[in-house]
Each structure stands twice: as C-alpha cells, then as structure tokens.
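# A closer look at the structure
Okay, here's what each chain looks like letter by letter:
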Amino acid sequence: MIAIRAMGIHNSIPDHHQPDLAAKLRALSGKVYRRTDHFIQLAIIGAHMAAAGQELSPQTATYMTSGQGNISVFERICDQRHVRNQLPRPIDFINLLSNSAGFYVASHLGLSGKNLFLSHHRFPVQMALLVARNDLILGREQAALIGGIDEWIPRQELARKILGRDQTTVLGEGSNWMLLGKLDEEAAVTLEVTPRILDKQQLRQQLASIEPGASLAFGKRFAAAEREEIMNLKRGWRRYAYEGFCGYYETLPLFALNRFLLQEKGKLLHIDVSDGRYMIMQVSNQG
C-alpha cells in the first residue's frame with residue numbers, strides 16, 4: 001500500500017474537433033511550448049493540475065502510460081511517408097516517441113528524476129502503477145508522479161477500429177495523474193494494486209474478503225450482465241458509476257479512481273477486465 005498525495009483530472013468528450021489545449025495550458029500555467037502537439041499538451045495539463053500547490057522534489061520520478069500513445073503524430077507520419085512520399089517532418093519524428101511527452105512534463109515541472117513511458121496490451125494503468133508502487137516500496141524513489149494520457153482523434157472510424165469499439169461507443173480523451181509517496185501515519189488517501197492478473201475463479205476469491213460498505217467501480221469493457229453478477233455476490237456493496245461523466249479511452253481507470261477520491265469518502269474497489277482476465281485496484285479516502 002502507498003500514499004496518494006495529490007490528484008489531477010483533465011477529462012473531456014470532444015465533438016468534431018480536438019480542443020485547443022494550447023489555450024488551456026496558457027490559461028493554467030502562463031506557459032506555451034512551440035514544438036508540442038495535442039498529445040504532449042494533454043500530458044502537461046494533467047500533470048500541472050496534479051502538481052499545483054505541491055512542493056515537488058526535483059528528484060520526483062515521472063511515470064506515464066497510454067492505451068495507444070500519440071496516435072495523431074503516427075497518422076501524420078504515415079501520411080507523409082506513404083501518401084505524399086515525403087520524409088517525416090523533424091518535429092513529428094521526434095514526437096513520435098511518446099517519451100517526448102515525459103520530457104516536456106518533467107521540463108514544465110522542473111523535474112530531473114527517473115522518467116519512464118510504459119505500455120501494456122491489457123492493463124496499462126495497473127501495470128504502470130505497479131512499477132511506481134514497487135519503486136516506492138523498495139526505496140528506489142521517494143515520490144512518483146504518474147499519469148495516464150489518451151487523446152481523441154478526429155477520424156473516429158479509425159479510432160474505434162484501433163480501440164476495438166463499435167459505433168455506439170462515445171470516445172473521449174483524458175490526462176489523469178496521481179502524486180504518490182511512501183505510506184506514513186499522516187496518509188489519509190491510499191492506493192493498493194493487486195499484483196496479479198486473475199481468472200474468474202481467482203477474482204471471486206479476492207472479492208470474498210471485501211467487506212460490505214465498499215464501493216465498486218468497473219472498467220468500461222465490462223458487460224452489464226457481468227457487472228450485475230459481481231454486484232450480487234455480496235449484500236451491502238455500492239456501485240460507483242462514473243461512466244456517465246466520460247467517453248471511452250483506455251486509461252480511464254485513473255479517472256475513476258481520482259474522481260472518487262476527489263468527491264467521496266470511503267473505500268473504492270476498481271475491477272478491470274480484458275480477454276477474460278481481471279485486475280483489482282483499491283483506494284481509500286479517510287480524510
């Protein structure tokens with residue numbers, strides 16, 4: 001278990017165009033970066049919101065994850081190479097590496113510690129949190145700033161194909177961050193990630209120990225029938241429904257956790273599913 005020191009949420013459901021994030025970043029921080037794109041601006045905004053009012057050590061480690069990374073710049077480079085038969089623009093080539101977003105976040109906040117971009121096919125948020133958690137528990141890091149970033153792209157047909165979603169799915173974008181630290185007596189907000197991918201039987205065994213009164217949230221890939229089946233396993237659980245406040249993107253678990261912690265007290269169990277496998281995270285807000 002580790003402590004959550006601060007949170008930042010940037011979550012939106014664009015309509016026909018990507019929002020003007022450069023204008024929002026300037027309004028938030030008074031800064032603008034000439035060679036950034038939408039994905040990088042999205043990352044900076046969420047990190048800035050989490051770090052606002054905090055005294056961050058320059059050695060704070062930065063961990064970023066994304067379901068698909070910088071899709072827009074990948075699409076532009078494919079167009080430049082295979083449609084226009086041109087070399088990629090230098091700035092697009094540099095920004096194709098999602099690590100560029102981590103560089104800009106660290107530069108914006110004055111951080112010089114470890115800087116990692118992590119990806120995982122099934123559970124990007126959970127795996128990134130486990131890396132940060134392990135580094136904190138083992139004493140490799142004293143503080144960790146972790147964010148999940150996914151952008152909305154105008155070509156919605158392409159986006160749904162990449163994400164495996166049908167036409168009924170409303171897509172969104174988000175940049176959701178946590179500032180994490182070691183557990184101490186003053187920690188009122190805590191996080192625990194079960195460090196295993198579970199099958200259905202193992203999931204039921206894990207849930208058997210969860211007391212009545214806990215809130216449960218589910219990843220957006222859950223079918224409604226399976227959600228209800230889990231909720232009916234024990235009386236007294238409360239369903240925490242965050243889905244109406246966001247579109248679909250792959251790092252939504254961080255949005256769900258942060259929204260609960262900023263608005264509610266108590267314990268939240270987040271259950272995610274992918275290809276018949278499950279992961280569990282739990283946050284507690286006693287402050």
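From a predicted model like this one, the values you see are computed outputs, not experimental measurements. (Residues numbered from 1 in each chain as written. Predicted model: local features only at pLDDT ≥ 70, side-chain atom pairs only at ≥ 80, totals over all residues. Heavy atoms only, no water.)

## What about the overall build of the protein?
When helices and strands are counted, the protein shows ten helices and ten strands. Over its C-alpha atoms, taken along the principal directions, the protein stretches across nearly 60 × 45 × 30 Å. The buried share of the protein, taken over its 287 residues, is 52%. Across the protein, contacts joining residues at least 24 apart in sequence account for 74% of those joining residues at least 6 apart. Total accessible area on the protein is roughly 13,700 Å²; 50% of this is exposed by carbon and sulfur atoms. Averaged over its 33 positive side-chain charges, the protein has a centre that lies 1 Å from the centre of its 28 negative ones. (Helix = DSSP H or I, 4+ residues; strand = E, 2+ residues; numbered from the N terminus. Buried < 20%, exposed > 50% of the residue type's maximum accessible area, 1.4 Å probe, protein only. Contact = heavy atoms within 4.5 Å. Areas by Shrake-Rupley, 256 points an atom, 1.4 Å probe, with all protein chains shown as cover. Lys, Arg positive; Asp, Glu negative; His and termini not counted. Charge placed at Lys NZ, Arg CZ, Asp CG, Glu CD.)

## Structural notes on the nonpolar core
If you look at the biggest cluster of nonpolar residues, it comprises 36 residues, and the most contacted ones within it are I4, L129, M178, L180 and L191. If you list the elements that add at least two residues to this core, you get strand 1 (2-12), strand 2 (61-65), helix 6 (124-137), strand 4 (143-150), strand 5 (173-181), strand 6 (189-193), helix 10 (252-263) and strand 10 (277-285). The dominant element in this core, judged by the number of residues it contributes, is helix 10, at seven residues. Setting aside its immediate chain neighbours within four residues, L180 contacts I2, A3, I4, R5, L129, A132, L136, Q142, A143, A144, I146 and L191. Of all hydrophobic cores here, the second largest spans 22 residues; its members include M64, V105, L111 and L179. (Core = buried A, V, L, I, M, F, W, Y, C linked by side-chain atoms within 4.5 Å.)

## Some points on the packing of helix 2 (residues 38-51) against helix 5 (residues 99-109)
In a packed pair of helices, the relevant descriptors are the angle between the two axes and the axis-to-axis distance. Direction vectors running N to C along helix 2 and helix 5 enclose 40°, while the axes themselves pass 9 Å from each other. Taken together, helix 2 and helix 5 sit at an angle that is classed as oblique. Classified by chirality, the crossing of helix 5 by helix 2 is right-handed. The segment helix 2 lies against helix 5, with F39, I40, A43, I44, A47, H48 and A51 engaging S100, A101, Y104, V105, H108 and L109. Per-class residue counts for the contact of helix 2 with helix 5 are ten nonpolar, three polar and no charged. (Axes fitted to C-alpha atoms, helices over the stretch in contact; angles between N-to-C directions. Parallel < 35°, antiparallel > 145°, perpendicular 65-115°, else oblique. Left-handed = near helix turned anticlockwise from the far one by under 90°. Nonpolar A, V, L, I, M, F, W, Y, C, P; charged D, E, K, R; others polar.)

## Brief notes about the pairing of strand 10
Taking burial as the measure, the nine residues of strand 10 include seven buried ones, the bulk of the element. Judged from the five bridges that link them, strand 6 and strand 10 form a sheet pairing that is antiparallel. In the strand pairing of strand 10, V189 is matched with N285. Pairing geometry for strand 9 (residues 266-274) and strand 10, over nine bridges, is antiparallel. Bridging across to strand 10, L269 finds its partner in Q282. (Pairing = 2+ DSSP bridges.)

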